[in-house]
Amino acid sequence: MKKYIKTISIYTAVFAAAVFLCTLLLVLSAMIPRQAIKENMQRSSEYLAGCDLFTRINDNINGSVIDHYADTILLEIAYAYDSEHPLKSVMWAKYYPSFLKSEVHGLMGEIDGTYTPFQQYLRYWHGSTVIVQCMHLFTDLPGMYICNAILMVLLTAILLFVLFRYNEKAIAFGTILSLCAVGIWFVPLSLEYTWTILIMLIVSILAVFLEKKNKAAALPFLFFISGIVTNYMDFLTTETLSMLMPLLYIIALRHKRRTISKKDCLDYAKYALLWSIGYVGMWLMKWGIAAVVLRENTIPYVSQHIAERLGGQVDNLSPPGFLAGALYRNIKCLFPLGYGKIGFLVGLLLITGIIAAFFRKKEGRDRLYIGCLFLIAFVPYVRFLILHNHAYLHYFFTYRAQAAAVFAVYLILMESVDCKLPYLKAFMK
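Residues numbered from 1 in each chain as written. Predicted model: local features only at pLDDT ≥ 70, side-chain atom pairs only at ≥ 80, totals over all residues. Heavy atoms only, no water.

Draft legend 1. A look at the pattern of salt bridges. Enumeration over the complete set of coordinates arrives at ten salt bridges. For Glu211, the salt bridge goes to Arg257, with nearest N and O atoms at 3.0 Å. One end of the pair, Glu211, is in helix 9 (residues 191–212); the other, Arg257, is in helix 11 (residues 241–257), with 46 residues separating them in the sequence. Under the relative-accessibility criterion, Glu211 is labelled buried at 2%. The salt bridge involving Asp264 is made with Arg254; its shortest N-O contact spans 3.5 Å. One end of the pair, Asp264, is in helix 12 (residues 262–294); the other, Arg254, is in helix 11, with ten residues separating them in the sequence. Like Asp264, the residue Arg254 is buried in the burial classification. Three or more residues joined by partner-sharing salt bridges are found here, namely Glu211, Arg254, Arg257, Arg258, Lys263, Asp264 and Asp267. (Salt bridge = Lys/Arg side-chain N within 4 Å of Asp/Glu carboxyl O. Helix = DSSP H or I, 4+ residues; strand = E, 2+ residues; numbered from the N terminus. Buried < 20%, exposed > 50% of the residue type's maximum accessible area, 1.4 Å probe, protein only.)

Right, dumping it as structure tokens:
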């Protein structure tokens, strides 16, 4: 009993420290004088004014939509922070909604003093405004896109280097395959898309390192903190990636050492649970802190949004059609399925090949390992079904959560298929 009390106390202390640090960072960023970031914010607004709110890089590619709308609101929230009342302003997270014109009009009005922000957006932490504020001391939005692209490439390279360094060629190839399947090259073009990908890459690097160094005792804390940070930074985009991708690396690497045991499965469930507690707990803390600081009942501000995402109606669809549409629109964005008629045909051929591959079963398969991978592969689709309104409307970025499903299916094939080609067989080991 004392052991459990001690464990709960440690995690409670970690959670409290994380909430305090995250809140402090927001407050400190809100204390940056507007004048210090005004010039670069002006440049950012001019850049956004020359873009469509939703820009499709290629008309034939569904997954190439860039969301400047969300980025504009993020910049509005950051610029609206009040250095004289920093804590209240970060809790309200206000912006000026442009009902008759584009959101960029609201941002430009905030900058030149024409408009006063009044629309609250307190249901999220908007932790990414810390980076927006600090970066705008030195550069504008296009500069941030470039910095994020460089950072994403660097982190991906580090992850692949670590995997190759440990002679995990097959897992490294699966990483490349899963990232390509979700159009990773479009991600740096929108701040909204970037945060969960960067968190996923950082946590994956740490997870691989800890697993290979037999430091499994640190993994529960890694997932717990990952859930907290994900909720702090994310705009509800591809949040499950920061849990599922690192978990897949751990499962695959542990399987290389030995047959998966029931104890291993309990460990994986514990990691997922701790991530979920960190994620949900951090979200609830935002509403709780906001209620105390603002002396407002925050439930009405979030309940309508929750109800909408769980069951809001779109296009007069029937419930089954709504659910099916959410799945279809997300799956269709995958590479190569979402890349024109030829891409769709190639995708169908690949799927057919995958199905056919299961008829060439390998002897001595680890069924428990495959079962774990199957469960993870289904998680993104369960998420799409639960938040079907959100997944249906925002399919052009939520589809990237399927990177974990693609990676899981790849690992299942590695374990299930008896490859007869010598060079491929050597690669798969």
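Draft legend 2. Focus on the packing of helix 8 (residues 169–181) against helix 19 (residues 403–416). Where helix 8 contacts helix 19, the axes come no closer than 8 Å and their chain directions differ by 145°. As for how helix 8 packs across helix 19, the hand of that crossing is right-handed. When helix 8 is examined against helix 19, the residues Ala170, Ile171, Phe173, Gly174, Thr175, Leu177, Ser178 and Ala181 are found in contact with a partner set consisting of Ala403, Val406, Phe407 and Tyr410. Across the contact of helix 8 with helix 19, the residue classes break down as nine nonpolar, three polar and no charged. (Axes fitted to C-alpha atoms, helices over the stretch in contact; angles between N-to-C directions. Left-handed = near helix turned anticlockwise from the far one by under 90°. Contact = heavy atoms within 4.5 Å. Nonpolar A, V, L, I, M, F, W, Y, C, P; charged D, E, K, R; others polar.)

Draft legend 3. Just unusual backbone geometry, in detail. A positive phi is found at Ala93, a non-glycine position, where the angle reads about 50°. Take Ala93: its relative accessible area is 0%, and that puts it in the buried class. Phi is positive for Leu236, which is not a glycine, with a value near 60°. Locating Leu236 in the fold gives a position in the loop between helix 10 (219–233) and helix 11.

Draft legend 4. Local environment of the environment of Asp71. By the secondary structure assignment, Asp71 is in helix 3 (residues 68–80). Relative accessible area serves as the criterion here: at 1%, Asp71 is assigned to the buried category. In this structure the C-alpha to C-alpha distance between Asp71 and Met414, which are 343 residues apart in sequence, comes to 39 Å. Discounting residues that sit within four places of it in the chain, Asp71 has contacts with Tyr145, Leu189, Ser190, Leu191 and Glu192.

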